[in-house]
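Results of the structural survey
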Amino acid sequence: MNDAIPSLEQLHAIGAAQQPTYDDPAALAAAVDRLRTLPPLVFAGECDELKEKVAAASRGEAFILQGGDCAETFAGATADNTRNKLRVLLQMAVVLTYAASVPVIKVGRLAGQYAKPRSKDTETRDGVTLPAYRGDAVNGYDFTPESRIPDPQRLLEVYHSSASTLNLVRAFTTGGYADLRQVHAWNSEFVRNSPVGAKYEAVAAEIERALTFMKAIGADPDEFHRVDFYSSHEALLMEYEHAMTRIDSRTDQPYNVSGHFVWIGERTRQLDGAHVEYFRHLRNPIGCKLGPTATPDDALALAHRLNPENEPGRLTFITRFGAGKIRDGLPGLVEKVTAEGVDVAWICDPMHGNTFEASTGYKTRRFEDVLDEVQGFFDVHRALGTVPAGILVENTGDDVTEIIGGGEELDETSLGNRYESVVDPRLNRVQSLEMAFLVAEMLRK
Ligand code: PEP
Ligand code: MN
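Anyway, here's the lowdown on the structure attached to this text. (Residues numbered from 1 in each chain as written. Chains lettered and ligands numbered in written order. Predicted model: local features only at pLDDT ≥ 70, side-chain atom pairs only at ≥ 80, totals over all residues.)

1. Thoughts on helix α10 (residues 296–306)
For clarity, the cut-off: Buried means a residue has 20 or more other C-beta atoms within 10 Å of its own C-beta, exposed means 12 or fewer, and partly exposed covers the counts in between; C-beta atoms are placed from the backbone. Each helix is a run of H or I in the DSSP string that is no shorter than four residues. Each strand is a run of E no shorter than two, and both are numbered from the N terminus. What the arc covers is the set of directions going from the helix axis to the C-beta atoms. Contacts are defined on C-beta atoms placed from the backbone: any two residues whose C-beta positions lie within 7 Å are in contact.
Taken as a whole, α10 has its buried residues at Ala 299, Leu 302, Ala 303 and Leu 306. For α10, the buried positions fall inside an angular range of 100° around the axis, keeping them on one side. On its buried face, α10 is in contact with α9 (274–279), β9 (286–290), β10 (315–319) and α11 (326–339).

Take a look at the structure:
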């Protein structure tokens, strides 16, 4: 099948974009050695299971909901935060499942999303220029020279934070919290009092009635009491990802065992780059972002290289064109890839092509642009007879003010009220739920 995974040295020799420069090679090597001895965070068998589900989504038999922070932080890996993120994804999934009658595959940008590619290597504030923040996996967010120095110890902290987050997620999803009978309880006071919260209550009440009926006739399947939830992150840092790549004893094949699904970012998808070379060996389900500069030939070449055996569910293209570009840009890609018989799942990331800086200096997005890109994505696929397989959003379970618009009509001046993201702006709880209802309508048609 695949030849052996290249060594870290070979990957660096090929050239990996967006890597930190560590100034203590011995400390880096020690951290990598330690990582190599630590147990897997996920089982290869779970990755295979997700791969089959992604294949189902690519055939239109399921829908992928991928969501979470742009960048997780170590300080943010608390029980409350994790529960809130999980809860909003469960609520969105219930809305999508109920309103569109399609199984929803739940994937968190969670338990590993700690490394960020940056468009600029430096950041300037008030005339002071320092290295850019590259995610908690690399350096600190504080704007001081010391904090911005890449620290290899952070790679170990990524592992431990991911492990504790995933442990809690597994406890929540199998231990009763994600039980469908909790569908009402997921709606907090705050959301319940918003119009979309009331709409959710109505759905929850119908689900509850259906559950009561099912129970009365003696049907109480396991699926009512637990959910399958998968972790995902952008596999950016060669040291970390390589150390977390292991040969599965069942199949003798390499898997990245730091998350179920890993993806290649828009800035690291060079066909001859180290990321593509590394990813092509993995047996996990993998993603590759495609932005407005990607040509149909680029997409085809990436698909051939990343998934030469055309295995269903293995490759997902996550498109992120921007609302103004998707209707013109996406059809060429989909047509070419489809005409060549390439098996791929198409996911819409309506976030990264719609970012701009508000007059108040905050990085933001407009809710209407986000929605419009998803609509464009559905329109293009419907017109071509291909399948919209899912969405990827940046969102949070908290009531942050990072994205403009939505039912609460947040405006530029409200952004400062509760802006907590360390990188990109996220949909808050109400906006996430609104989005789920609107996407459910698109799915139903
Ligand atoms: C991201 O998903 O946070 C991201 C950096 O996206 P992209 O690679 O598409 O810019
Ligand atoms: Mn982002």
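2. Some thoughts on helix α12 (residues 367–384)
Definition in use: One less than the residue count of a helix, multiplied by 1.5 Å, gives the span that helix is expected to have.
Taking 1.5 Å as the rise per residue, α12 with 18 residues should run 26 Å; its terminal C-alpha atoms sit 26 Å apart, in good agreement. Taken together, the buried positions of α12 are occupied by Phe 367, Asp 369, Val 370, Leu 371, Glu 373, Val 374, Gly 376, Phe 377 and Val 380. Packed against the buried residues of α12 are α11, β11 (345–348), β14 (388–394) and α13 (429–444). Just beyond α12, the residue with positive phi is Gly 385, at close to 75°.

3. Examining the sheet that holds strand β2 (residues 104–109)
So the rule is basically this: Think of it this way: DSSP has to see at least two bridges between two strands before they count as a pair. Axis definition: a line fitted to C-alpha atoms, limited for helices to the stretch in contact. Angles are taken between N-to-C directions and run from 0 to 180 degrees.
Spatial strand order, β1-β2-β5-β8-β9-β10-β11-β14: 8 strands in a closed barrel with parallel pairing. Taken over all neighbouring pairs, the strand axes of this sheet differ in orientation by 25° on average, direction set aside. With 4 bridges joining them, β10 and β11 adopt parallel strand pairing. Directly across from Ile 318, in β11, lies its bridge partner Ile 347.

4. Quick word on the site of ligand 1
The criterion, for reference: Contact assignment follows one rule, namely that a residue is near a molecule or strand if its backbone-placed C-beta atom lies within 6 Å of it. Side-chain classes follow a simple rule in which Ala, Val, Leu, Ile, Met, Phe, Trp, Tyr, Cys and Pro form the nonpolar group, Asp, Glu, Lys and Arg form the charged group, and the remainder, Gly included, forms the polar group.
The environment of ligand 1 is formed by Cys 70, Pro 117, Glu 234, Gly 265, Glu 266, Arg 267, Lys 289, Arg 320, His 352 and Asp 424. Per-class residue counts for the shell around ligand 1 are 2 nonpolar, 2 polar and 6 charged.

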